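Residue-level listing of the chains:
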Amino acid sequence: MPAVKLSAIPTVPPKKFGKEETKERLKTILEELDDLQNLLYAEHKHSLLVVLQGMDASGKDGVIRDVFGTMNPMGVRVQPFKAPTPEEADHDFLWRIHQHAPAKGMIQVFNRSHYEDVLVQRVHKWVDVKTIYRRFDAINHFEQLLERHNNTHILKFYLHVSAEAQMQRLEERTKDPRKMWKYNEKDFAEAKLYKEYRKAYEDVFKYCNDVPWTIVPADHNWYKEYLIAKTVLDTLKSLKMKFPKLDDVKK
């Protein structure tokens, strides 16, 4: 894809989107998604992998709660990826990821993902640049494997939050009793590396776009959730799924 400059992409919704109207549209979308997720589970031919990436406080948890939390929990799995355990670190970097790839009929949401190993490790220089580029190739092959051999449809979202909105949200965690449980002193240190992370993401978009990225303006939660829900809806609709007939079930 053409080079992406995140500094040139807005972090706020287009002006044509009004908050209340968009929130009403989201309600309708979520109702449709509930039905389509049930159909995905019943037909058992496809799977959906949703990758959520973004800076700290970009709103990944909120998307999981307010978009995917409305669906039947039997058909939706959420997997967060933090620092690897000693066992995970003893394997290749995709080993822990592949174990959580979605089975047919399932929606799997990654809260952070295999991309952490070409972002965090690059920004902190824990691995060299040559290794990063080899990992880009491995990631592309991994995503192709899921698509071609398990009928997995992959949606990758980057939650594009401004440095100002990020800092405001991090500071809220020191003041709002409802959000203090999210507080992590390290998040403030990572926020100082905003420009470095942005550059690392721009390379991810350039070299790992065989499965395309959706860059989601994330300063306003109502638009972020709407855009992600609408993209998931359009993807599931495009599968032209049908409930199995009794003869198919017997077979």
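Below: a short report on this structure. Note that the structure is a prediction, hence the values are computed from the model and not measured. Per chain, residue numbering runs from 1 following the sequence as it is written. Only residues with pLDDT of at least 70 get local features here, since the model is predicted, and only at 80 or more are side-chain atom pairs given and counted; chain-wide, interface and lining totals rely on the full set of residues. As a rule here, side-chain values cover all heavy atoms of the structure and leave hydrogens and water aside.

## Quick notes on unusual backbone geometry
Most peptide bonds take the trans form, and the phi angle of most residues other than glycine is negative. For clarity, the threshold we go by: Numbered from the N terminus, helices here are DSSP runs of H or I no shorter than four residues, and strands are runs of E no shorter than two. To sort residues, take the accessible area from a 1.4 Å probe on protein chains only and compare it with the maximum for the residue type: under 20% means buried, over 50% means exposed, and anything in between is partly exposed.
Backbone geometry places His44, a non-glycine residue, at a positive phi of 65°. Tracing the backbone through its elements, the reader meets His44 in the loop between helix H1 (19–43) and strand E1 (47–54). A relative accessible area of 48% means that His44 is categorised as partly exposed.

## Describing the sheet that holds strand E3 (residues 107–111)
As a reminder of what qualifies: Strands qualify as paired when DSSP identifies two bridges or more between them. Fitted lines through C-alpha atoms serve as axes, helices being fitted only where they are in contact, and the angles separating the N-to-C directions of these axes extend from 0 to 180 degrees. The contact rule is simple, with two residues in contact once any of their heavy atoms fall within 4.5 Å.
Spatially, E2-E3-E1-E4-E5 is the arrangement adopted by the five strands of the open sheet, whose pairing is parallel. The outermost strands of the open sheet, each flanked by one partner alone, are strand E2 (76–80) and strand E5 (213–217). Mean inter-strand twist for the sheet, computed between neighbouring axes without regard to direction, equals 20°. In terms of strand pairing, E1 meets E3 through five bridges, oriented parallel. The residue of E3 that forms the bridge with Val51 is Phe110. Sitting on the sheet, helix H6 (residues 129–150) is in contact with E1 and strand E4 (152–160), with an inclination near 145° to E4. Packing against the sheet, helix H10 (residues 221–238) makes contact with E1, E4 and E5, and its axis sits at approximately 165° to E4.

## With respect to the packing of aromatic side chains
Stated precisely, the cut-off is as follows: For Phe, Tyr and Trp, where Trp contributes only its six-membered ring, two rings pair if their centres lie within 6.5 Å, and the inter-plane angle classes them as stacked under 30 degrees, edge-to-face over 60, or tilted in between.
Applying the stated criterion to the full structure yields 14 aromatic pairs. Summarising the aromatic geometry, the rings of Tyr183 and Phe188 are spaced 6.0 Å apart at their centres and angled 45° between planes, so their arrangement reads as tilted. Overall, the relative accessible area of 40% leaves Tyr183 in the partly exposed class. We classify Phe188 as partly exposed; its relative accessible area is 22%. Here the aromatic rings of Tyr223 and Tyr226 are separated by 6.3 Å at their centres, their planes lie at 40°, and the arrangement is tilted. Note that Tyr223 and Tyr226 are positioned in helix H10 at a spacing of three residues, about one turn of the helix. The exposure classification of Tyr223 matches that of Tyr226, with both residues buried.

## Quick word on H6
Just so we agree on the cut-off: Here the expected span of a helix is defined as 1.5 Å times the quantity of residues minus one. Whenever two N or O atoms come within 3.5 Å, that pair is a polar contact, provided that in protein one can donate a hydrogen and the other can accept it, and provided that, for residues adjacent in sequence, both atoms are side-chain atoms.
For H6, which comprises 22 residues, the first-to-last C-alpha distance of 31 Å matches the rise-based estimate of 32 Å (1.5 Å per residue) to within 8%. Every buried residue belonging to H6 is among Thr131, Ile132, Arg135, Phe136, Ile139, Asn140, Phe142, Glu143, Gln144 and Leu146, and all of these are buried. The inward-facing, buried residues of H6 contact E1, helix H4 (95–98), helix H5 (120–123), E4 and helix H9 (194–207). Residue Asp128 occupies the N-cap position of H6, its side-chain oxygen lying 3.3 Å from the main-chain nitrogen of Lys130.

## Points about the side chain of His160
Secondary-structure assignment places His160 in strand E4. Residue class for His160 comes out buried when judged on its relative accessible area of 3%. Only 2.9 Å separates the side chain of His160 from the backbone oxygen of Ile9, close enough to count as a polar contact. Residues within four places of His160 in sequence aside, it is in contact with Leu6, Ile9, Pro10, Thr11, Ile215, Val216, Pro217, Ala218 and Asp219.

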